[in-house]
Amino acid sequence: MEEPEMQLKGKKVTDKFTESVYVLANEPSVALYRLQEHVRRSLPELAQHKADMQRWEEQSQGAIYTVEYACSAVKSLVDSSVYFRSVEGLLKQAISIRDHMNTSAQGHSQENPSPPSVA
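Residues numbered from 1 in each chain as written. Predicted model: local features only at pLDDT ≥ 70, side-chain atom pairs only at ≥ 80, totals over all residues. Heavy atoms only, no water.

Our focus in this paragraph is the overall build of the chain. Check the secondary structure of the chain and you find two helices and zero strands. Within the chain, buried positions represent 3% of all 119 residues. (Helix = DSSP H or I, 4+ residues; strand = E, 2+ residues; numbered from the N terminus. Buried < 20%, exposed > 50% of the residue type's maximum accessible area, 1.4 Å probe, protein only.)

So, in structure tokens, the structure goes:
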């Protein structure tokens, strides 16, 4: 009785060994097939996301450049306030001189009335 029992156990061992070798031999190819299948399905969507991200990055860079340019313009205006104050002072001086000249001209014309014209 030992011999058939031993053969049965031997067959079970060899069957299990064969099954294990088969699984181990095919497991990497099944995993690679699944990976390839996943990549093929998701690649178009990933490529679209990449293109969208690149477009958004370009738009963002443009907006950043615009904001930086506007900030530098505002800073230049703030820095030029000294010049605006100088121009304001010069304008006030010019107005004052004009008023003084007008007052002098009016006083001078009242002192020396123009001679009557002869017709």
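Turning our eyes to something else, we now look at the packing of aromatic side chains. For the structure on display, the rule yields one aromatic pair. Their ring planes at 20 degrees and their centres at 6.4 Å tell us that tyrosine 65 and tyrosine 69 sit as a pair that is stacked. Taken as a pair, tyrosine 65 and tyrosine 69 lie in helix α1 (residues 2-79) at a separation of four residues, close to a single helical turn. For tyrosine 65, a relative accessible area of 57% puts it in the exposed group. Relative accessible area serves as the criterion here: at 57%, tyrosine 69 is assigned to the exposed category. (Phe/Tyr/Trp six-rings, centres within 6.5 Å; stacked < 30°, edge-to-face > 60°.)

A separate point is the pattern of salt bridges. Following the criterion strictly, the structure yields five salt bridges and no others. Residue arginine 34 pairs with glutamate 37 through a salt bridge whose shortest N-O separation is 3.3 Å. In this pair, arginine 34 and glutamate 37 both sit in helix α1, three residues apart, roughly one turn of the helix. Given a relative accessible area of 48%, arginine 34 falls into the partly exposed group. (Salt bridge = Lys/Arg side-chain N within 4 Å of Asp/Glu carboxyl O.)

Residues Val39, Leu43 and Leu46 make up a contiguous nonpolar surface patch of roughly 280 Å² in combined accessible area. The topology assignment puts leucine 46 in helix α1. By relative accessible area, leucine 46 is classed as exposed at 51%. (Patch = residues over 30% accessible without salt bridge, like charges linked within 9 Å, V, L, I, M, F, W, Y side chains within 5 Å. Areas by Shrake-Rupley, 256 points an atom, 1.4 Å probe, with all protein chains shown as cover.)

Within the element layout of this structure, aspartate 52 appears in helix α1. A polar contact of 3.2 Å, which involves the side chain of aspartate 52, links it to the side chain of arginine 55. (Polar contact = N/O pair within 3.5 Å; in protein donor to acceptor, adjacent residues only side chain to side chain.)

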